[in-house]
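# Structural characterization, general
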Amino acid sequence: MKFILLFFLALTLFAADEKVSLQLMWKHQFQFAGFYIAKEKGFYKDAGLDVEIKEYESSTDIVEEVLSQRATYGVGRSSLLIDRAHGKKIVLLSASFQTSPSVLISTDEDIHTPIDLRDKKVMMTPDEVNSVSILTMLLANGVHIEDLQLQRHSYDYHDLLNKNTDAMAAYISNEPYFLEQAGVKYTVFSPKEYGYDFVGDLLFTSEKELYEHPSRAKAFNDATNRGWIWAFEHIQESAQLIYEKYNTQNKPLDALIYEANALKKLAFVDDIPFGHICAQRYTDIANIYRLSGFLKDYNVSDLYAFVDPLKFNLKEVKIGVLAKRGDSIAHIRWDTLADFLNKELHTYNFKIIPIEFAAFEDTIKNERVDLIITNDMLYVLAEQKYGASRIATMFNKNSLSDEGVKEFGSVIFTRVQSASINTLEDLKHKKIAAVSQESFGGWIMAYETLLDNKIDTDTMQLSYYQTHDKVVDAVMSKEVEVGIVRTDMLEAMEATGTLKLADIKIIHPQEYKNFPYLLSTKLYPEWPLAKLAGTDDKIARNVLSVLLDIDMKKNPELLSCGNWSVAADYSSVHVLLKKLKIAPYDNPHISLEEILDEYIVYFYLIVFLFIAVFGRYIYINKINKYLQNYNEQLNYNVLLRTQELQDANKKLKRLAQTDALTGIANRGHFMEHAEKYFELAKRNKSSLQVLSLDLDLFKAVNDTYGHQAGDAVLVAFTQEIEHLLRKTDLFGRIGGEEFCIILQETPLEGAIVFAKRVCTAIEAMDILHQKEMIHVTVSIGIADLKDEKNISELINKSDKALYKAKENGRNQYYIEKEA
C-alpha cells in the first residue's frame, strides 16, 4: 500500500510542470536572454512550466511552428501584423524591446545622410516586409528602393570591412561591437531618429493557446518578463551563462556584454514598463505597412484583438464609482471614461467598479479600488478616516448649460396632482422617499434645508430606496407622496423618456444664476475624483493630466461623464457635516442623564454631584477649544491643499504644451494652434504661410561633437529664430531637428523675405561648444495657403518644398509650386 501511495505521489509531482516550447527567431545570443534566465533560474518552473527553447534554423517558419503547435510560443518581428492580416490566428503577448534594434550601418566615410546611399550597394534581407522600417526611412529622405543596388544579406560584417557593400541592415546591439573591435568608424541610420519607431522582438502565440490556456499563457509571459528584468539587472552573470550554455555562435563574452547594454537601452524607454505593448502604438506601425503597400483594407479595430488582448502587461487601475442609480447605469455612464483613459494612458487598464452606498466605507477601508468618484459627503469621510485625497472635480456640461455646472443640490418633488402638498410645512406626516442616509444629493442637502426651515423630520414617514431611479418610480407609482433626488436627475430621466417634467411639482423651488436644473436647496461642489492613500501618485498625475485636456467636441461620447477641473474647495461640505453631526463629525455627545446613570451610586451625595458637574463644565470647554483649533487647522489645510493642486495643474498644462529642450511649443500644442490659424485664415480669406525648417546635416553634428553639442545647437537655433518672429507668429518643434513656423496675414513675398533672413541669421551663428566653434545651416520649405482642406495638407506641402530645398543643395528656401 505504501508503494502505491508513493507511486501516485511521484506522479502528481511529476505532472505538476506543463511542457511548452518556444521558437526563437534567430541563433542563440543575448537577444533572447530573458528566456534563458527564466529557464535557468527556475522562473518557469515556479510558474509550473517545463520550457523547451528552440534555436532558429534557416528552414524555420516561426508563425507556422506556432500555429501547428510544434511550438507553443514564438518570437517574431513587427511584421507579425501582416501574418495576422492574412488570416493567421496569432496574438501578441509582449515586446522585449520598445524600439527595434534594426538599423542601417555604413563604413563609407562619404556616406553621412540617407540621401548619400543613392546608387550604393546595400545589404538587406530578401523579404521587404522585414526591412520596411529601413526602406520607409530611406523613402522619407528621397531614396527609393530603385535607387539602391540591393544585395542579398550575408550576415557577415566583414563585407563592410572588405568594401563588398556600402551599407548593411544590422542590429545596433551586434555589428557595431565587431566594427569597434576592428577600429573602423561607422555611421548608423536608425529609423527611430527619422520618426519610424517599430517595436522589437515580440512574444506571440496562437489564439487557440491563449483562449484555451489563458492562465498558462499569462504564467509564461510573466515568468519571461521576470527573466528579462533579472537579466538586465545582472548583465555580467547573464552574459556568462549564455557564453557557457547557449553560445552556438561562439561569440566572445565581451560581445555578449556589449549586446546586453545596447539592448537594455531599447527595452527600458521612458517610464514604460518592461514588456508593454499596446494597440495604439501598433496603429502607427500598421499605417506604415499600409503606406508601404503591405497592408490593404486592414481593420484597425482588430488590433485590439491582436495586441495583448487579455492585457497581461497593463497595470490594472480600479475606479470605484458610487452607483447612485444602480450598477448597470453606472457602467453605462462611466465605462466610456475608462475606455478613454485606456487609450490615452496605454500602460494602464482602467476598470469601473460600481459601489453601493452600504458598501462604500468597507470598500475604501480595504482599498478594493484605486480611485473613487463619489458624492461630497462620502469623499469627506474617505479623506478624514482613510487618507483619500481629491484630484479633480467634475462639472456637468450638457445641452442645458454651455459653460457647464460645477455645483449641485437636492430637489424635493411630488406629483403635479398632489394639490395638498405645496410647501415644506406640507411634508409633515407624509410618506417621503429618499435615496440613502449617505446620499448627499438624495437626502443630506434636503435634510439641511428642512432643519433650516424648522421642519421636524421625525414627523415624516421617511423611507430609503437606495437609487435615485427607485425614488422617482416610488413617487410616480403613488407608493410615496414625496421624493428627494439630486439635481439633474429629473432632467436626465426626461431626456431618456422615462419621465415627463410636466407630471411633477417642485417643493420649495430655488433659483441660482446660471444654474439650469430644478432645485430646492443650497448648492455644493460637484462630485470629486479622489485617490486612496495607497494609490501611486503617478497614476493620479497621469489621470489628472488627461482629464483636464478632454475636448468634448472631439470626444462627444464622454459627455455623460462630465468635464473635469482642478479640485474644488470642499470646506463648505465639512461645515455642513459638522453642523448636522454626520460622519466623520459624529463624535458622541455625553448628556447629563448619561452622567447621572453612570454615577448613580453617588447621586445622593450633593458634594460629589457639584464636583462632577463642575468637572464636566471644564471638560466641555476644553474640548470646544480643541475642536475650534482643530477646525481652523482643518480649514487651513483644505485651502492649502486646494492651492497646491491648482499650482500643480498649471505646471502640468505647461509641461504638456512645451518642448522640454527648447522651450517652444511641442508638436501637439503647435498642431492644436496651427489648426486654429488655418481655420481663421480660411474664414477671413486671409493669407497664411507655412515654413518647414530642418537643420542641415544635423546628425553629423551629433556624431562629431556629441548629443550635448546637438542640444546646444537646437537651443541656439530656436533662440535665433525667436528674435526674428512677430508675436502673432506660431513656432514649434515637430521632432528632432525639424521645426515649423506659421506666418499670419503674410503674403508669399513676405514669407520669402523672412526665409532669407532666417537662412542668413542661422549661417552667421557662432555656437561655441567645448572650445570648438560649430556652424550650421538650415533648409526651408514654404507653402502658401491656396485650396488646402486642412492644416495637415498645407504642412505636407511645405514638407515637400523642404525636401526640394535639401535636394537643391541645402542652406536655401524653396517654394512649393501649385500642381
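Above: the structure in question.
Summary of the structure given here. (Residues numbered from 1 in each chain as written. Predicted model: local features only at pLDDT ≥ 70, side-chain atom pairs only at ≥ 80, totals over all residues. Heavy atoms only, no water.)

## A few points about the overall build of the protein
Which entries qualify depends on this criterion: Elements are defined by DSSP. Helices are runs of H or I of four residues or more, strands are runs of E of two residues or more, and each kind is numbered from the N terminus. Residue contacts are defined here by distance: any two heavy atoms, one from each residue, within 4.5 Å place the two residues in contact. All accessible areas in this document rest on Shrake-Rupley with a 1.4 Å probe, and a residue is counted as covered only by the protein chains that are shown. Lys and Arg are tallied as positive, Asp and Glu as negative. Neither His nor the chain termini are counted. Think of each charge as sitting on NZ of Lys, CZ of Arg, CG of Asp or CD of Glu.
Regarding its fold elements, the protein presents 29 helices and 31 strands. When its C-alpha atoms are laid out on the principal axes, the protein stretches across 115 × 100 × 55 Å. Expressed as a percentage of contacts within the protein between residues at least 6 apart in sequence, the contacts between residues at least 24 apart total 78%. Taken as a whole, the protein presents about 40200 Å² of accessible surface, with 51% of it coming from carbon and sulfur. Mean positive and mean negative side-chain charge positions of the protein (92 and 116 charges, respectively) differ by 3 Å.

## Overview of the packing of helix 10 (residues 214-233) against helix 11 (residues 235-245)
Applicable threshold: Each axis is a line fitted through C-alpha atoms, taken for helices only over the stretch in contact, and angles between the N-to-C directions span 0 to 180 degrees. Small angles under 35 degrees read as roughly parallel and large ones over 145 as roughly antiparallel, with 65 to 115 read as roughly perpendicular and the rest as oblique. Side-chain classes are defined by residue name, with Ala, Val, Leu, Ile, Met, Phe, Trp, Tyr, Cys and Pro counting as nonpolar, Asp, Glu, Lys and Arg as charged, and the others, Gly among them, as polar.
Two numbers describe how helix 10 lies on helix 11: the axes approach to 5 Å, and their chain directions differ by 110°. The angle between the axes of helix 10 and helix 11 places the two elements in the roughly perpendicular class. Contacts between helix 10 and helix 11 involve Trp-230, Ala-231, Phe-232 and Glu-233 from the first element and Ile-235, Glu-237 and Ser-238 from the second. Tallied by class, the residues present in the contact of helix 10 with helix 11 amount to 4 nonpolar, 1 polar and 2 charged.

## Thoughts on the environment of Leu-640
The topology assignment puts Leu-640 in helix 24 (residues 606-657). Linking Leu-640 and Arg-290, residues 350 residues apart in sequence, is a C-alpha distance of 53 Å.

## Overview of the sheet that holds strand 19 (residues 461-464)
Filter applied, for reference: Two strands pair if DSSP finds at least two bridges between them.
Taken in spatial order, the 5 strands line up as 19-18-20-17-21 in an open sheet, and their pairing is mixed. In the strand order of this sheet, the two ends are held by strand 19 and strand 21 (504-507), each with one partner. Pairs of neighbouring strands in the sheet enclose a mean axial angle of 30°, with direction left out of account. Where strand 18 (residues 431-434) lies against strand 20 (residues 482-486), 2 bridges are found, and the strand directions are parallel. Residue pairing for strand 20: Ile-432 is matched across the bridge by Val-482. The sheet contacts of helix 18 (residues 440-452) involve strand 17 (410-415), strand 18, strand 19 and strand 20, and relative to strand 20 the element is tilted by about 110°.

## Details of the sheet that holds strand 9 (residues 187-189)
Strand order in the open sheet formed by 5 strands is 7-6-8-5-9, with mixed pairing between adjacent strands. In this open sheet, the two strands that pair with only one neighbour each are strand 7 (149-152) and strand 9. On average, adjacent strands in this sheet sit at an angle of 35° to one another, irrespective of strand direction. In this structure, strand 5 (residues 102-106) lies alongside strand 9, joined through 3 bridges in antiparallel fashion. Note on strand 9: the bridge partner recorded for Ile-105 is Val-188. Against the sheet, helix 6 (residues 132-140) makes contact with strand 5, strand 6 (121-124), strand 8 (167-171) and strand 9, and its axis sits at roughly 60° relative to strand 5, the strand it touches most.

## Quick word on the pairing of strand 4 (residues 90-97)
Heads up, the condition is: The cut-offs for exposure are 20% and 50% of the maximum accessible area for each residue type, with area from a 1.4 Å probe on protein chains only; residues under the lower value are buried, those over the upper are exposed, and the others partly exposed.
Across the 8 residues that make up strand 4, a large majority, 8, are buried. By the bridge criterion, 6 bridges tie strand 4 to strand 10 (residues 200-206) in an arrangement that is antiparallel. Within strand 10, the position partnered with Leu-92 by the bridge is Phe-204.

## Quick word on helix 26 (residues 698-705)
What counts, and what does not: Directions drawn from the helix axis to the C-beta atoms are what define this arc.
Along helix 26, the residues classified as buried are Phe-698, Lys-699, Val-701 and Asn-702. Buried residues of helix 26, seen end-on, are gathered within an arc of 155° and therefore sit on one face of the element. The inward-facing, buried residues of helix 26 contact strand 9, strand 25 (688-695), helix 27 (707-724) and strand 29 (772-774). Downstream of helix 26 by a residue or two, Gly-706 has a phi angle that is positive, lying close to 100°.

## So, unusual backbone geometry
The omega torsion of the bond from Ala-583 to Pro-584 falls at 10°, within 30 degrees of zero and hence cis. Inspection of the secondary structure puts Pro-584 in the loop between helix 22 (571-580) and helix 23 (592-598). Of note in the backbone geometry, Glu-745 takes a positive phi value of approximately 50° without being a glycine. Relative to the elements of secondary structure, Glu-745 occurs in the loop between strand 27 (738-744) and helix 28 (748-763). On the basis of relative accessibility, which here comes to 55%, the residue Glu-745 falls in the exposed class. Even without being glycine, Gln-770 reaches a positive phi, approximately 50°. Note that Gln-770 resides in the loop between strand 28 (767-769) and strand 29. Residue Gln-770 is classed as exposed on the basis of its relative accessible area, which comes to 62%.

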